[in-house]
Amino acid sequence: MSKVIIIGAGGVANVVAKKCAQNDSVFTEVLIATRTVAKADKIVAEIKEHMPDSRAVFTTATVDADNVPELVKLIQDFGPKMVINVALPYQDLTIMDACLETGVHYLDTANYEPKDVAKFEYSWQWAYQDRFREKGLMALLGCGFDPGATQAFTAHHAKHHFQEIHYLDIVDCNNGNHGKAFATNFNPEINIREITANGRYWENGQWVETQPLEISQDIYYPKVATRKSFVLYHEELESLVKHFPTIKRARFWMTFGEAYIKHLNVLEGIGMTSIEPINFRGMKVAPIEFLKAVLPAPESLAAGYSGQTCIGVQAKGIGKDGQPKVHFVYNVKDHADCYREVQAQGVSYTTGVPAMIGAMLMLNGDWMQPGVWNVEQLDPDPFFDAMNKWGLPISELADIELVKD
Ligand code: NDP
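About the thresholds
- Residues numbered from 1 in each chain as written.
- Predicted model: local features only at pLDDT ≥ 70, side-chain atom pairs only at ≥ 80, totals over all residues.
- Heavy atoms only, no water.
- Helix = DSSP H or I, 4+ residues; strand = E, 2+ residues; numbered from the N terminus.
- Buried < 20%, exposed > 50% of the residue type's maximum accessible area, 1.4 Å probe, protein only.
- Pairing = 2+ DSSP bridges.

(A) Spotlight on unusual backbone geometry. In this structure, Pro147 follows Asp146 across a cis peptide bond, with omega equal to 10°. Mapped onto the secondary structure, Pro147 falls in the loop between β6 (138-141) and α7 (149-161). With a phi angle near 50°, Asn204 is a residue other than glycine that sits in the positive phi range. In this structure, Asn204 sits in the loop between β8 (199-203) and β9 (206-210). Backbone geometry at Gln343 places phi at a positive 55°, although glycine is not the residue there.

(B) Summary view of the pairing of strand β11 (residues 225-232). Counted residue by residue, β11 has six buried out of eight residues, so it is predominantly covered. Relative to β11, strand β10 (residues 216-221) is paired through six bridges, and the arrangement is antiparallel. Following the sheet pairing, Tyr220 is matched in β11 by Thr226. In this antiparallel pair of consecutive strands, β10 and β11, the connection spans three residues, and Lys223 shows a positive phi of 70°. The pairing of β11 with strand β12 (residues 249-255) spans four bridges and is antiparallel. From the neighbouring strand, Val231 faces β12, where its bridge partner is Trp253.

Right, here's the structure in full:
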């Protein structure tokens, strides 16, 4: 049915490409374009080896996604209906510009972040609203798991369970073990920037700032474990409190093991996580970029990764019957299952599957509408059906408060 371009060939792109190969009645022709084309070639070789029955036709190309004219030429030459951006958040605006210039739809999994300021917010991308709407094009922002599925879970709470949501807690547990002393599960630079930043949560109409990893509690993750979890700032909080104004408090929690935090403290203490470039043998190098080159690539963690992820959203408020209510919606995914299916670890898998689903719901018309959208603004029902079908089954737990005040 549709031609698409995937930009990037990292851990998440690998999953998006393979799920497109499985879903070959929707994704008929796919171009994987990235900086290091050998990585895209490897993904295509694996599709040919592991999914010989897929009718989707895959090709690869080199592109510098920081360069709008290069992107425009790539898009014009291939002629896709949409671009799935799973490169890095730094490339969001250049790719959106190229989509506007060539008249194609856009999807990403993380909001724009300037390279030289550790700050992420939707304002830059929301500013494209009029331009996308006027051109009849859709841009879907942050359609991975968190952001992404977590917003569809919140929309599901609002549509099916609550008159008013008052307290929202998004919880993200990786109870997996990759056997390395220290590694990040997605792009190290983006991951470390996120964790070493101050925490922030929404309360009574304003943001409350915390020290990094200052607030924690033990949270029970159904079917997985009880794990110490920390309040972080996460981008979907910004759009959720905007689109659900009844929310009095919204927090995001993530698990970290003691060894992970110890390594991170040391790396931070000696300056290795800094984004300020230093002079090294006549070259300007940001220590965090050097650290990224030293750490294992996220996709290399996949073989031998054991354990599960559990990501969910707890809502508290007034139920449809007018009574106080607490409800939890979540997914549990096994790392080894992800490896068997698409040679990926669970964090890449749980991001890549919702990205494929978001693209499918745009292409088949269920979600397609001009403008710039966050996932919670769209109907969660077809998204839930597709999650259940394409490898991320959703469970619900009623009347048990997993995250305490
Ligand atoms: P990786 O670092 O594994 O992959 C990024 C890919 O983008 C690499 O192939 C890289 O090329 C390519 N790339 C980087 N810069 C450019 C450029 N200028 N031009 C062309 N290609 C470029 O990251 P992940 O796959 O782990 O993450 C991908 C995205 O998904 C990130 O934006 C991340 O923040 C997001 N994410 C979202 C989550 C969610 O739940 N919403 C969870 C996890 C990740 P090269 O190989 O040359 O480095």
